[in-house]
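Listed below are the residues making up each chain.
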Amino acid sequence: MATIFTSFSLFSLFIIQLIIVLSSAAGFTVDLIHRDSPQSPFYNPSATKTDRLTNAVRRSFNRASHFKKRSSTLAPNGIQSEIIPTSGEYLMNISIGTPRFEVLAIADTGSDLTWTQCKPCEDCYKQNAPIFDPEQSSTYRALECQTRACEAVGSSSCRQADNICEYTMRYGDQSQSTGELAVETFTFGSSLGRALSVPKTVLGCGHSNSGTFNETASGIIGLGGGPLSIVTQLREAINGKFSYCLVGLESNSTSKISFGEDSVVSGEGVVSTPIVKKEVDTFYYLTLESITVGNKSLAYKTKQPSNTDPAYSGEEGNIIIDSGTTLTFLPADLYEAMENELVKAINKETTPDPQQSLGLCYDSNTNVDDLPALTFNFRGAEVVLPPSSSFVQNGDLICLAMVPNNEFAIFGNLSQMNLLIGYDLENNVLSFMPTDCGKQ
């Protein structure tokens, strides 16, 4: 039977040990590899660009339903780690347990709890890699129901037989994970060429997991703003800072995610905007004031339609920035105004998307570099998106990688490519710096 961890001082003990562990580390780096890149272990050479985009669009809409559900429910060192996006999601390589057991899981800025599939797996989705066995780890500790972590997980229950905390995570596309809450040693790769181990990190050990999870991933790594996310658990040691830089879809280079000193975004061209705190603390909300097409500025309307999430309105915190959603979602009136201006500026006959997923498309004779740039005017920060970050190859078409949605707005990962994006959670500031992420 796994050892049970009962201390109420779990988080303070964790921080003390973490600071000791990190005190001699200058930071660490793990690559973020695009799932469809030839460098990815999951690269499928037979899949076409259309196949990949179709899957990415489908997953974007599935993920958007996760945001809808969650948003309507109350709920001096550096670290880097490896991420691989799979159809609009990024995967991250870490190791858990003692001895170390490698886990490849979805790195998600829209989730908090980190969980992986565990033995015994009573009802699990197919997974290519071996499944973690907590019985084989000397540092695995199951948590009792009265711990702060159990209270923080939100949807939990108490297993009466042994007083162990059980969690359930449900996602908007009906995927879910159920298992026991525990603490375990996490090990990250280091930019100095050595591993960095972090003891007593909260982990969900999933014994029943189902839904649309990809067989290449073992679970979720939570990078949201809630109390159980990796970012929050590392907060004291990393000064509440992390950043990532996502390479373009056609790049053979790797993306990176960094924590702590290595993640500070500074230098020429940096612009910053406030991170707005809301009742659902998992998500990172920004304030989008307008979008500029050419010389035309299109305001984000302040009127909120009925039965929609507060993130739709022009109030502070009206758009979520998310690394796990491929497309960018905008209010229908703003999207339509933007599309109309793009059509005028491009001055070329449009072509319907056969999949009927993307609204503005042009034939393959269109040169992406000749299309207009878009400027997203966040509060205090003008972020210019080159055409390669707002249009995408869709089979024989070139399509705008943005869609209308009247329930919430999301700044997706295609729009974030080739931007170094830094999160300063101590000061609630998010910074953008245009760069070639393939050279980071």
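Residues numbered from 1 in each chain as written. Predicted model: local features only at pLDDT ≥ 70, side-chain atom pairs only at ≥ 80, totals over all residues. Heavy atoms only, no water.

Remarks on the overall build of the protein chain
Note the following rule: Secondary structure follows DSSP: runs of H or I at least 4 residues long count as helices, runs of E at least 2 residues long count as strands, and numbering of each begins at the N terminus. Each accessible area value is a Shrake-Rupley result obtained with a 1.4 Å probe; residue values ignore everything except the protein chains displayed when judging cover.
Of the regular secondary structure elements, the protein chain holds eight helices and 29 strands. Working note: accessible area of the protein chain is about 17,400 Å², and carbon and sulfur atoms make up 48% of it.

Some remarks on the nonpolar core
The cut-off we apply is this: Take the buried residues of types Ala, Val, Leu, Ile, Met, Phe, Trp, Tyr and Cys, join any two whose side-chain atoms come within 4.5 Å, and each joined set is a nonpolar core. Only protein chains enter the accessibility calculation, which uses a 1.4 Å probe; a residue is then buried when its area is under 20% of its type maximum, exposed when over 50%, and partly exposed in between. Contacts are assigned to residue pairs that have any heavy atoms within 4.5 Å of one another.
By size, the foremost hydrophobic cluster in this structure holds 82 residues, and its most contacted members are Ile-321, Leu-330, Met-338, Phe-376, Phe-378, Tyr-423 and Phe-432. Excluding residues within four positions of it along the chain, Phe-376 makes contact with Leu-288, Ser-290, Ile-291, Thr-328, Leu-330, Ala-381, Glu-382, Val-383, Leu-385, Met-402 and Phe-411. Within the second largest apolar cluster, 21 residues are counted, among which are Cys-150, Met-169, Phe-213 and Leu-228.

Some words on helix H6 (residues 332–346)
Defined as follows: Each helix should span, by expectation, one fewer than its residue count multiplied by 1.5 Å.
Along its 15 residues, H6 runs 21 Å from first to last C-alpha, staying within 8% of the 21 Å computed at 1.5 Å per residue. For H6, the complete set of buried residues consists of Ala-332, Leu-334, Tyr-335, Met-338, Glu-339, Glu-341, Leu-342 and Ile-346. Once H6 ends, the next one or two residues include Asn-347, with phi positive near 55°.

Regarding the state of the cysteines
Two cysteines whose sulfur atoms are joined by a covalent bond form what is called a disulfide. Rules: For this text, the term disulfide refers to a pair of cysteine sulfurs within 2.5 Å.
In this structure the tally under the stated criterion is six disulfides. Residue pairing for Cys-121: its cysteine sulfur links by disulfide to Cys-124, the two sulfurs lying 1.6 Å apart. For the disulfide bridge between Cys-121 and Cys-124, the dihedral angle about the S-S bond is near -85°, and by the sign convention the bridge is left-handed. Take Cys-121: its relative accessible area is 27%, and that puts it in the partly exposed class. The exposure class of Cys-124 is partly exposed, given its relative accessible area of 24%. Bridging Cys-361 to Cys-399, the disulfide has an S-S length of 2.0 Å. Here the disulfide of Cys-361 and Cys-399 is right-handed, its torsion about the S-S bond being about 110°. One end of the pair, Cys-361, is in strand S21 (residues 361–363); the other, Cys-399, is in strand S25 (residues 397–400), and 38 residues separate them in sequence. Classification of Cys-399 by relative accessible area gives buried; the value is 0%. Taking only the cysteines that form disulfides and numbering them from first to last, the protein chain has the pattern 1-8, 2-3, 4-6, 5-7, 9-12, 10-11.

Observations concerning the sheet that holds strand S18 (residues 296–299)
Quick reminder of the rule: The criterion for strand pairing is that DSSP finds at least two bridges linking the strands in question. Think of each axis as a best-fit line through the C-alpha atoms, taken over the contacting stretch in the case of a helix, with angles from 0 to 180 degrees between the N-to-C directions.
Read across the open sheet, the four strands follow the order S18-S17-S22-S23; overall the sheet is antiparallel. With one partner strand each, in any of the chains shown, S18 and strand S23 (381–385) form the two edges of the open sheet. Shown here is a sheet whose adjacent strand axes are inclined to one another by a mean of 25°, direction ignored. The sheet contact formed by strand S17 (residues 288–293) and S18 spans four bridges and is antiparallel. Opposite Thr-292, over in S18, you have Ser-297 as the bridge partner.

Section: the sheet that holds strand S24 (residues 391–394)
The antiparallel open sheet is built from three strands, whose spatial order is S21-S25-S24. Two strands close off the open sheet at either side, each with one partner strand: S21 and S24. Put simply, the sheet's adjacent strands are angled 30° from each other on average, direction ignored. In terms of strand pairing, S21 meets S25 through three bridges, oriented antiparallel. Pairing of Asp-363 across the sheet is with Leu-397, part of S25.

Quick look at the pairing of strand S8 (residues 156–159)
Here four bridges tie S8 to strand S9 (residues 164–170), and the two strands are oriented antiparallel to one another. Bridged to Cys-158 within S9 is Cys-165. Adjacent in sequence and paired antiparallel, S8 and S9 are bridged by four residues, among which Asn-163 carries a positive phi angle near 60°.

Section: the environment of Ser-415
Here Ser-415 is to be found in helix H8 (residues 413–416). Ser-415 sits 31 residues away from Val-384 along the chain, and the two C-alpha atoms are 9.7 Å apart. Residues within four places of Ser-415 in sequence aside, it is in contact with Thr-328, Leu-385, Ser-389 and Met-402.

Considering the pattern of salt bridges
We apply this condition: Any Lys or Arg side-chain nitrogen located within 4 Å of an Asp or Glu carboxyl oxygen qualifies as a salt bridge.
What the rule picks out here adds up to ten salt bridges. For the salt bridge of Asp-162 with Arg-159, the shortest nitrogen-to-oxygen distance reads 3.0 Å. Residue classification places Asp-162 among the partly exposed residues on the basis of a relative accessible area of 21%. Several salt bridges share partner residues, and in doing so they unite Arg-159, Asp-162, Glu-166 and Glu-180 into one network.

Concerning unusual backbone geometry
Geometrically, the link from Thr-98 to Pro-99 is a cis peptide bond, its omega value of 5° lying close to zero. In this structure, Pro-99 sits in the loop between strand S4 (90–96) and strand S5 (101–108). The omega angle of the peptide bond from Lys-119 to Pro-120 is -5°, so this bond is cis rather than trans. For Pro-120, the position within the fold is in the loop between strand S6 (115–117) and strand S7 (141–143). In this model, Asn-239 sits at a positive phi of 55°, which is unusual for a non-glycine residue. Within the secondary structure, Asn-239 sits in the loop between helix H5 (235–238) and strand S13 (241–245). The exposure class of Asn-239 is partly exposed, given its relative accessible area of 31%. Positioned with a positive phi, Gln-356 is a non-glycine residue whose angle comes to about 55°.

Some details on the confidence of the model for the protein chain
Spelled out, the test is: Confidence per residue, as judged by the predictor, is encoded in pLDDT with a range of 0 to 100.
Averaged over every residue, the pLDDT of the protein chain is 82; residues scoring 70 or more account for 80%. Per-residue pLDDT stays below 50 along residues 71–77; that stretch engages in 22 contacts with residues further than four places along the chain or on separate chains. Across residues 84–88 the pLDDT falls below 50, and counting only partners more than four positions away or on other chains, this stretch makes 31 contacts in the model.

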